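Structural overview
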Amino acid sequence: MKKTSGTLLLLLTALIWGTAFVAQRTGMDHLGPIAFQSIRALLGFLSLLPLVLLRKRAGKSGPMPTVKASLSCGAVLAVASTVQQIGLQYTTASKAGFISSLYVVLVPLIGLLLGRKPEKGVWIGVPLSVLGMYLIASVSGEGFSLGRGDWLMLASALLFACHIVVVGHFAPQADGVALSCAQFFVAGLMTLPIAFLTEHIPLAGIWEAKWALLYAGVLSCGVAYTLQIVGQKDTPPAIASLTMSLESVFSAIAGAIILHETLQPREMLGCALMLAAVMIAQLPIGRQKKAA
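These remarks concern the structure in this document. (Residues numbered from 1 in each chain as written. Predicted model: local features only at pLDDT ≥ 70, side-chain atom pairs only at ≥ 80, totals over all residues. Heavy atoms only, no water.)

Description of the side chain of S70
Turning to its location among the elements, S70 is positioned in helix 3 (residues 67–87). Overall, S70 belongs to the buried group, its relative accessible area being 10%. Among residues more than four places away in sequence, those in contact with S70 are P65, L179, A182, Q183 and V186. (Helix = DSSP H or I, 4+ residues; strand = E, 2+ residues; numbered from the N terminus. Buried < 20%, exposed > 50% of the residue type's maximum accessible area, 1.4 Å probe, protein only. Contact = heavy atoms within 4.5 Å.)

Details of the side chain of Q24
Tracing the chain through its elements places Q24 in helix 1 (residues 2–27). A polar contact of 2.8 Å, which involves the side chain of Q24, links it to the side chain of Q85. When neighbours within four sequence positions are excluded, Q24 is seen to be in contact with F36, R40, Q84, Q85, L88 and A216. (Polar contact = N/O pair within 3.5 Å; in protein donor to acceptor, adjacent residues only side chain to side chain.)

Quick word on the packing of helix 3 against helix 8 (residues 176–198)
In a packed pair of helices, the relevant descriptors are the angle between the two axes and the axis-to-axis distance. Axis separation between helix 3 and helix 8 bottoms out at 7 Å; the angle between their running directions is 55 degrees. It follows that helix 3 is oblique to helix 8 by the angle criterion. Two packed elements cross with a definite hand, and for helix 3 against helix 8 that hand is right-handed. In this structure, helix 3 contributes A69, S70, L71, C73, G74, A75, L77, A78 and T82 to the contact, and helix 8 contributes L179, A182, Q183, F184, V186, A187, M190 and T191. A per-class count over the contact of helix 3 with helix 8 returns 12 nonpolar, 5 polar and no charged. (Axes fitted to C-alpha atoms, helices over the stretch in contact; angles between N-to-C directions. Parallel < 35°, antiparallel > 145°, perpendicular 65-115°, else oblique. Left-handed = near helix turned anticlockwise from the far one by under 90°. Nonpolar A, V, L, I, M, F, W, Y, C, P; charged D, E, K, R; others polar.)

Considering the nonpolar core
One recurring pattern in soluble globular proteins: nonpolar side chains tend to sit buried together. L88, F98, L102, M133 and M274 are the most contacted members of the largest nonpolar core, which has 19 residues in total. At the level of secondary structure, the elements contributing two or more residues to this core comprise helix 1, helix 4 (93–100), helix 7 (148–170), helix 12 (247–258) and helix 13 (265–282). A per-element tally of this core places helix 4 first, with 4 residues. If near-sequence neighbours (up to four positions away) are discounted, L88 is found in contact with F21, Q24, R25, M28, A93, A96 and M153. (Core = buried A, V, L, I, M, F, W, Y, C linked by side-chain atoms within 4.5 Å.)

Section: the packing of aromatic side chains
Aromatic ring pairs are defined here through the distance separating the ring centres and the angle between the ring planes. Enumeration over the complete set of coordinates arrives at 1 aromatic pair. With a centroid separation of 4.8 Å and an interplanar angle of 45 degrees, the aromatic rings of F45 and F185 are classed as tilted. Separated by 140 residues along the polypeptide, F45 in helix 2 (residues 33–57) and F185 in helix 8 bring together distant segments of the chain. Here the guanidinium or amino end of K210 rests over the ring plane of W207, the centre of that ring lying 4.2 Å away. (Phe/Tyr/Trp six-rings, centres within 6.5 Å; stacked < 30°, edge-to-face > 60°. Lys NZ or Arg CZ within 6 Å of the ring centre and 35° of its normal.)

Regarding the environment of Y225
Among the secondary structure elements, Y225 is positioned in helix 10 (residues 210–233). Linking Y225 and T13, residues 212 residues apart in sequence, is a C-alpha distance of 7.5 Å. Residues within four places of Y225 in sequence aside, it is in contact with G176, V177, S180 and S220.

Some thoughts on helix 5 (residues 103–113)
Taken together, the buried positions of helix 5 are occupied by V104, V105, P108, I110 and G111. Following helix 5 by one or two positions, G115 adopts a phi angle in the positive range, close to 90 degrees.

Comments concerning the packing of helix 2 against helix 3
Two numbers describe how helix 2 lies on helix 3: the axes approach to 9 Å, and their chain directions differ by 135 degrees. Put simply, helix 2 runs oblique to helix 3. Relative to helix 3, the crossing made by helix 2 is right-handed. Mapping the contact onto sequence places P33, I34, F36, Q37 and R40 in helix 2 and S81, T82, Q84, Q85 and I86 in helix 3. For the contact of helix 2 with helix 3, the class distribution of residues is 4 nonpolar, 5 polar and 1 charged.

Here is the structure:
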């Protein structure tokens with residue numbers, strides 16, 4: 001029962017993260033990308049702050065994150081989220097969801113550069129993801145061509161992979177919820193001055209984008225992260241990763257229903273291959289044999 005409830009919580013997490021791409025796109029109808037990202041991060045911080053204080057008061061929190069951990073995680077998150085937000089201006093929510101999910105394949109490859117041997121599934125997932133990207137980016141008769149938004153999504157996937165590696169380094173030394181709260185605070189403060197210098201931030205625009213900001217900030221950052229922590233407690237890592245990788249599927253469904261986005265059959269096949277690559281990369285291929 002605990003395993004089932006944990007999987008359902010992670011499925012809800014994937015749903016929130018996937019549909020957040022729609023909120024991120026619609027929010028930019030009223031705000032610039034950097035302003036939206038900054039306010040979203042600060043809302044994520046404010047939504048987690050009461051939980052951090054309650055856990056600390058109840059004695060259920062672990063060690064508080066250090067300044068180094070907060071700055072490191074927050075700085076990488078700020079750059080990754082900003083690049084992703086800017087890229088969403090030039091591509092669809094469905095494509096953004098699938099390309100962004102490639103961070104799951106990239107994380108083990110970065111680990112390889114750091115001397116960590118990746119799972120065997122990664123070596124199957126990488127060529128599959130490349131083939132999927134080719135099908136998405138190639139138009140019949142025109143050859144292979146990645147648009148500006150696709151390149152930015154690829155860059156954000158790489159940056160989010162680096163963020164996961166950095167969090168993985170600092171997380172064992174601090175309380176997970178507190179570290180998440182701190183990194184959102186740092187990410188918001190880092191990007192806010194840039195937003196004021198490069199974009200016009202009207203109060204009317206913030207009000208018009210309030211629902212998108214609340215969804216992307218409170219639900220996607222605060223609530224979904226907490227659901228992930230609770231859900232992963234009773235769910236095996238392989239099942240947890242596979243469940244959360246459905247984020248890319250939900251982004252495509254939400255883009256089609258809410259934004260009326262369409263994918264050509266070639267692009268749909270490419271997305272399917274990329275989803276397969278993400279899932280295969282997380283499968284414990286050969287792990288049972290080693291354990292035996």
